[in-house]
Every structure is written in structure tokens, then in C-alpha cells.
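Descriptive structure summary
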Amino acid sequence: MFSFGVLALLLLALALAWVVVGVHALLLGRMPGEWLSRRVRQPRLWGAGAVLMVVSGYTGSPSLLAVGVGLVALGHVMKSR
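In what follows, the accompanying structure is described. Just so it is clear, the structure is predicted and the values come from calculations on it, not from any experiment. (Residues numbered from 1 in each chain as written. Predicted model: local features only at pLDDT ≥ 70, side-chain atom pairs only at ≥ 80, totals over all residues. Heavy atoms only, no water.)

With respect to the element layout, serine 56 can be found in helix H3 (residues 43-59). Once residues within four sequence positions are removed from consideration, serine 56 is found in contact with Ser61, Leu64 and Leu65. (Helix = DSSP H or I, 4+ residues; strand = E, 2+ residues; numbered from the N terminus. Contact = heavy atoms within 4.5 Å.)

Let us now look at the pattern of salt bridges. For the structure on display, the rule yields one salt bridge. With a shortest N-O distance of 2.9 Å, glutamate 34 and arginine 38 are connected by a salt bridge. Taken as a pair, glutamate 34 and arginine 38 lie in helix H2 (residues 34-39) at a separation of four residues, close to a single helical turn. Judged by relative accessible area, which is 59%, glutamate 34 ranks as exposed. (Salt bridge = Lys/Arg side-chain N within 4 Å of Asp/Glu carboxyl O. Buried < 20%, exposed > 50% of the residue type's maximum accessible area, 1.4 Å probe, protein only.)

What follows concerns H3. The first and last C-alpha atoms of H3 sit 24 Å apart over 17 residues, in line with the 24 Å expected at 1.5 Å per residue. Inspection of H3 places Pro43, Trp46, Gly47, Gly49, Ala50, Val54 and Ser56 among the buried residues, and these make up the whole buried set. Just beyond H3, the residue with positive phi is glycine 60, at close to 75°. (Expected span 1.5 Å × (residues − 1).)

This part takes up the packing of H3 against helix H4 (residues 62-77). Where H3 meets H4, the axes come as close as 7 Å, and the angle between the chain directions of the two elements is 160°. Relative to H4, H3 is oriented roughly antiparallel. Helix-helix and strand crossings are classified by hand; for H3 and H4 the assignment is left-handed. In this structure, H3 uses Leu45, Trp46, Ala48, Gly49, Ala50, Leu52, Met53, Val55, Ser56 and Thr59 to contact H4, whose residues at the interface are Leu64, Leu65, Val67, Gly68, Val69, Leu71, Val72, Leu74, Gly75 and His76. Taken together, the residues of the contact of H3 with H4 break down into 14 nonpolar, six polar and no charged. (Axes fitted to C-alpha atoms, helices over the stretch in contact; angles between N-to-C directions. Parallel < 35°, antiparallel > 145°, perpendicular 65-115°, else oblique. Left-handed = near helix turned anticlockwise from the far one by under 90°. Nonpolar A, V, L, I, M, F, W, Y, C, P; charged D, E, K, R; others polar.)

Dropping the structure here:
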């Protein structure tokens, strides 16, 4: 069956990929790939939220998680100026 070590490794890889996409969006101001570019209107907000979500997982802070989820949601819905 599926062991906890494999699951932990999978979650670590997903967190690393989430941070890489978040830092890319935060620093460059654009989303990688066509699919994300069409759906995210404010890439810098989305990237800041993605990084905060992963940091909250490592620090165990639910308030950082709430702020991160809010920023990711704002990145999807806010229109550009």
C-alpha cells in the first residue's frame, strides 16, 4: 500500500512546486503557463499568497494560512488597473 513516507515526500514536492510558482509570479509579475495566465488577474498578489500559505504550513500558523488563501483569492478576482 501507500506508506506515510511516500505521502510526506509527495506533499513536500507539491509544496516546493507551489513555492516556485509563487516566487515566479511574485518576482516577475506574470504566471507561468497558459492555463494559469488566463485565470490569474493579479500575479503578484497570487504569488505572495502562495508563498504565505507554504510558510504557514512550516510555522503552524493558521492566521498566515488565512491571509495566504485570501491573497490567492484576490489574485484571481481583482481586475487590473
